[in-house]
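One letter stands for each residue in the lines below.
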Amino acid sequence: MFRVGLGYDVHQLTEGRDLIMGGVNIPHEKGLLGHSDADVLVHAVMDALCGAAKLGDIGKLFPDTDPQYKDISSILLLKHVKGELDKKGWSVVNIDSIIVAQRPKMRPFIDEMEKNIAAALGIDADCVNVKATTEEKLGFSGREEGIAAKAVCLIEK
């Protein structure tokens, strides 16, 4: 049996925070605002996986009202999602994702992002694809107010 999941996340850019994307700390003058490390890429991946396995969403698993998740690494949360998939007998076939950001350029960091996500899920890095695009200075990401990410996954039992 196979299932497909779709995930989406967005966070506002703000000063005084690190910019974490795919578990990589990317040099930038602003970071993403959130309860955890606000890693929109990993959040989108987790939501895709949770949707495919009918686990709800990351807000259900990791509520932003719970102090134990304050500033936590999203890669650690992804490992927890992997554990929930394992309990239900699901394994990850592949993940395809896209980061939507005007700046900074993501290409120099994408290989490391793919490796981090794959390692957290216990799969080969060839099964994880990360892309990045801009919105040509349109919308909130184009105005550099925030960054979004989308992900789709295939899981099997």
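Up top is the structure.
Residues numbered from 1 in each chain as written. Predicted model: local features only at pLDDT ≥ 70, side-chain atom pairs only at ≥ 80, totals over all residues. Heavy atoms only, no water.

Draft legend 1. How the structure looks around the packing of aromatic side chains. Counted according to the given criterion, the structure contains 1 aromatic pair. Ring geometry for Phe62 and Tyr69: centres 5.3 Å apart, planes at 80 degrees, overall edge-to-face. Across this residue pair, the class does not change: Phe62 and Tyr69 are buried. (Phe/Tyr/Trp six-rings, centres within 6.5 Å; stacked < 30°, edge-to-face > 60°. Buried < 20%, exposed > 50% of the residue type's maximum accessible area, 1.4 Å probe, protein only.)

Draft legend 2. Quick peek at helix 1 (residues 40-52). Compared with the 18 Å implied by 1.5 Å per residue over 13 residues, the 18 Å span of helix 1 between its first and last C-alpha is a close match. Summarising burial for helix 1: 12 of the 13 residues are buried, a large majority. If you check which residues of helix 1 are buried, you get Val40, Leu41, Val42, His43, Ala44, Val45, Met46, Asp47, Ala48, Leu49, Cys50 and Ala52. Looking one or two residues past helix 1, Lys54 carries a phi angle of roughly 55 degrees, positive in sign. (Helix = DSSP H or I, 4+ residues; strand = E, 2+ residues; numbered from the N terminus. Expected span 1.5 Å × (residues − 1).)

Draft legend 3. How the structure looks around helix 3 (residues 74-87). In this model helix 3 runs 20 Å from its N-terminal to its C-terminal C-alpha over 14 residues, within 8% of the 20 Å that 1.5 Å per residue would give. Each element contacted by the buried residues of helix 3 is listed here: helix 1, helix 2 (58-61), strand 5 (91-100) and helix 4 (110-121). Measuring from the backbone nitrogen of Ile75 back to the side-chain oxygen at the start of helix 3 gives 3.2 Å, which picks out Ser73 as the cap. Positive phi appears at Gly89, one or two residues downstream of helix 3, with a value of about 85 degrees. (Contact = heavy atoms within 4.5 Å. Polar contact = N/O pair within 3.5 Å; in protein donor to acceptor, adjacent residues only side chain to side chain.)

Draft legend 4. Fine view of unusual backbone geometry. Put simply, Arg103 and Pro104 share a cis peptide bond, and its omega is -5 degrees. Summarising the element assignment, Pro104 is placed in the loop between strand 5 and helix 4. Within the chain, Asp71 stands out as a residue other than glycine whose phi angle is a positive 60 degrees. With respect to the helices and strands, the residue Asp71 is situated in the loop between helix 2 and helix 3. Residue classification places Asp71 among the partly exposed positions, given a relative accessible area of 47%. If you check the backbone angles, Glu136 has positive phi at about 50 degrees while not being a glycine. Residue placement: Glu136 occurs in the loop between strand 6 (128-133) and helix 5 (139-142). Taking relative accessible area as the criterion, Glu136 reaches 63% and is therefore assigned exposed.

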